[in-house]
Amino acid sequence: MYSNLLQSSQQNPRRLNSTTARPLLIITPFHESEIQAAILRRKKLGLQIRVRSGGHDYEGLSYCCKTPFIIVNLINLRSVELNLEDETAWVQSGATLGELYYGISKKRESMDSRQGYAPV
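How each quantity is defined
Residues numbered from 1 in each chain as written. Predicted model: local features only at pLDDT ≥ 70, side-chain atom pairs only at ≥ 80, totals over all residues. Heavy atoms only, no water. Buried < 20%, exposed > 50% of the residue type's maximum accessible area, 1.4 Å probe, protein only. Helix = DSSP H or I, 4+ residues; strand = E, 2+ residues; numbered from the N terminus. Pairing = 2+ DSSP bridges. Salt bridge = Lys/Arg side-chain N within 4 Å of Asp/Glu carboxyl O. Core = buried A, V, L, I, M, F, W, Y, C linked by side-chain atoms within 4.5 Å. Contact = heavy atoms within 4.5 Å. Polar contact = N/O pair within 3.5 Å; in protein donor to acceptor, adjacent residues only side chain to side chain.

A. Structural detail: the pairing of strand S3 (residues 69-73). Counting buried positions over the five residues of S3 gives five, a clear majority of the element. Side-chain alternation along S3 places Phe69, Ile71 and Asn73 on one buried face and Ile70 and Val72 on a second face that is also buried. Looking at chain direction, strand S1 (residues 25-27) and S3 are connected through three bridges and run parallel. Bridge assignment links Ile27 to a residue of S3, and that residue is Val72. In terms of strand pairing, strand S2 (residues 48-52) meets S3 through five bridges, oriented parallel. Bridged to Val51 within S3 is Val72.

Following this line, the structure appears as structure tokens:
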């Protein structure tokens with residue numbers, strides 16, 4: 001599973017075949033408390049930490065480090081909650097732009113969304 005997760009979420013394919021150090025561990029938390037635990041544990045072990053969210057990472061910087069490191073991949077923290085009265089949204093860090101737009105379109109066709117574009 002480690003290799004599949006590492007390869008599936010890397011945006012820059014040259015990192016897949018490079019000699020750059022690979023993470024010792026990839027953590028995919030389901031709750032914020034698991035992130036806190038990972039941060040405290042990595043500090044005790046003297047490891048660096050890289051965070052991977054739903055956004056793009058063209059340079060692949062979340063997948064490389066000169067010292068031993070772990071990745072916290074936020075792929076499971078991707079909920080999108082919309083408030084139609086306020087016309088606001090609460091979006092977790094693991095959500096992609098496409099998931100946000102899909103959530104908006106499901107709730108209300110006329111809800112305005114300021115859009116950005118980046119292939120994610």
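This is not the end of the story, as more comes after the structure.
B. Here's a closer look at the pattern of salt bridges. Within the structure shown, the criterion is met by one salt bridge. Of the charged contacts in the structure, one is a salt bridge between Arg78 and Glu99, with a shortest N-O distance of 2.4 Å. Taken as a pair, Arg78 in the loop between S3 and strand S4 (80-83) and Glu99 in helix H3 (residues 97-107) lie far apart in primary sequence, 21 residues in all. Its relative accessible area of 24% is what places Glu99 among the partly exposed residues.

C. Representation of the nonpolar core. Among the nonpolar cores identified, the biggest contains seven residues, and these are Ile27, Ala38, Leu47, Ile70, Val72, Leu74 and Leu77. In this structure, Leu74 is in contact with Pro29, Ile35, Val51, Arg52, Ser53, Ser93 and Gly94, ignoring residues within four places of it in sequence. Counting five residues, the second largest nonpolar core, distinct from the first, contains Ile26, Tyr63, Cys65 and Phe69.

D. View of the side chain of Asn73. Note that Asn73 resides in strand S3. For Asn73, the side chain forms a polar contact with the main-chain nitrogen of Ile75, separated by 3.0 Å.

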